[in-house]
Structures are given as C-alpha cells and as structure tokens.
Amino acid sequence: MRQLTSILLLAGLAACQSAPRPKPSSPQAAAETAIRGQATCLERIRLADGASLEVQLIDDQGTTVARRAFEGLRGPPYDFALPYDAAKIEAAHRYALRATLRSAAGHLEFATDARVPVEPGSTQRVELPLVRATTPATSH
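Residues numbered from 1 in each chain as written. Predicted model: local features only at pLDDT ≥ 70, side-chain atom pairs only at ≥ 80, totals over all residues. Heavy atoms only, no water.

Comments concerning the overall build of the chain
Rules: By definition, any uninterrupted DSSP run of H or I lasting at least four residues is a helix, any uninterrupted run of E lasting at least two residues is a strand, and each is numbered from the N terminus. Accessibility here uses a 1.4 Å probe with only protein chains present; expressed as a share of the type maximum, an area under 20% marks a residue as buried, one over 50% as exposed, and anything in between as partly exposed. Any pair of residues with heavy atoms lying within 4.5 Å of one another is described as a contacting pair.
Looking only at helices and strands, the chain has two helices and eight strands in total. The order of helices and strands in the chain, counted from the N terminus, is α-α-β-β-β-β-β-β-β-β. Among the 140 residues that make up the chain, the fraction classed as buried is 27%. Pairs at least 24 apart in sequence give 61% of the contacts found in the chain among residues at least 6 apart.

Remarks on the pattern of salt bridges
Where we set the bar: A pairing counts as a salt bridge when a side-chain nitrogen of Lys or Arg comes within 4 Å of a carboxyl oxygen of Asp or Glu.
Going through the model one piece at a time under the given rule, you end up with four salt bridges. Across the salt bridge formed by arginine 67 and glutamate 54, the nearest N and O atoms sit 3.8 Å from each other. Placement of arginine 67 in strand S3 (residues 64–71) and of glutamate 54 in strand S2 (residues 52–59) is noted, with a sequence separation of 13 residues between them. Residues participating in the shared-partner salt-bridge network are Glu43, Glu109 and Arg132.

Quick look at the packing of aromatic side chains
Centre distance and the angle of the planes are the two values used to describe a pair of aromatic rings. Rules: Pairing of aromatic side chains requires ring centres within 6.5 Å, counting the rings of Phe and Tyr and the six-membered ring of Trp. Pairs whose planes differ by under 30 degrees are stacked, by over 60 edge-to-face, and all others tilted.
With the rule as written, the count across this model stands at one aromatic pair. Summarising the aromatic geometry, the rings of phenylalanine 70 and phenylalanine 80 are spaced 6.4 Å apart at their centres and angled 50 degrees between planes, so their arrangement reads as tilted. Here phenylalanine 80 lies in strand S4 (residues 78–85) and phenylalanine 70 lies in strand S3, a separation of 10 residues in the sequence. Of the residues examined, phenylalanine 80 reaches a relative accessible area of 5% and is grouped as buried.

Comments concerning the environment of leucine 128
Position of leucine 128 relative to the elements: it lies in strand S8 (residues 126–132). Accessibility expressed as a relative area gives 0% for leucine 128, which makes it buried. Considered as a pair, leucine 128 and leucine 97 are 31 residues apart in the sequence and their alpha carbons are 8.0 Å apart.

Quick notes on the nonpolar core
Generally speaking, soluble globular proteins have nonpolar side chains that are buried together. Here is the rule we go by: Definition of nonpolar core: a set of buried residues of the types Ala, Val, Leu, Ile, Met, Phe, Trp, Tyr and Cys, connected through side-chain atoms within 4.5 Å.
Ranked by internal contacts, the top residues of the largest apolar core, which has 26 residues, are Leu53, Val55, Leu57, Leu97, Leu101, Leu128 and Leu130. Listing elements by their share of this core, those giving two or more residues are strand S1 (32–41), S2, S3, S4, strand S5 (95–102), strand S7 (116–118) and S8.

Topic: the pairing of S5
For the record, the criterion: Whether two strands pair comes down to DSSP finding at least two bridges between them.
In terms of burial, S5 is a largely internal element, six of the eight residues being buried. Alignment of S5 against S7, held across three bridges, turns out to be antiparallel. The residue of S7 that forms the bridge with alanine 96 is proline 117. Relative to strand S6 (residues 108–111), S5 runs antiparallel, the two being bridged by three bridges. Its bridge partner lying in S6, threonine 100 is registered against alanine 111. Joining the antiparallel neighbours S5 and S6 is a turn of five residues, in which glycine 106 adopts a positive phi near 95 degrees.

So, in structure tokens, the structure goes:
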C-alpha cells in the first residue's frame, strides 16, 4: 500500500510539471521579423532591367536599424520584405522607412521625399511613394 501511495504521489507531481518549450532553430530566426510593403513611383515610368531598390529602417535618431537592396525588379510597383532584428528595436524610439530606386548604372532615379512612419512588429503593409530624384533640364 505504501508503494502504491508513493507511485500515485510521483505520478501526480509529474503531471503538474509544465511541458518543455520548443527551442527556436536559431537565435536569429527567433529575433528576426520583417516589414512588408510596396514602393510605387508617382510617375508612370519603368526603369530598364538592372534597377535596384534599397529600403532602410531608421530610428528617430537617424540610425539605420536594417537595410536591404532588391534587384531584378519587375514593376512598378515594387513589393519588398525588409527583415530586421527585433532585439534592436527600442520601445522609446520611433521608426520610419526610406527608399531609393537606382538605375542599372547606379544613378539615383527615385526616392522617398520624406520618412514614412512604421511600427515595427505590425503586420500592416507599408506604402512607400517614390518621387523623381532628379529633375530634367528645362529649356527657356
């Protein structure tokens, strides 16, 4: 009887333990997330093959938290997913995106003309309006 009581007591204690939590495959995978959105040119123009879009996540101090270049673009509009390390996000800071679109030769063609506010961790897609970075010469 004493053995049966001990077994039941041990079984009850084992049932009270919490199940082990699965470990993430890597620390980077657990901390990394992405901001998704679309960059659009306000002018109806398509750059030649080889153009590249660079999107940056910056904080209110001007520090770049994440940056990624996208090549082999089809569009516009240009879809993007900007991965960032969630451990680098500080609750007291505000964040924004900025973007540039360069020709295959590396010339700046379009850019955001203002920082676009974003809330890291949000699943809402972000729209990045791009305006022409250079103005064509005008004749008088």
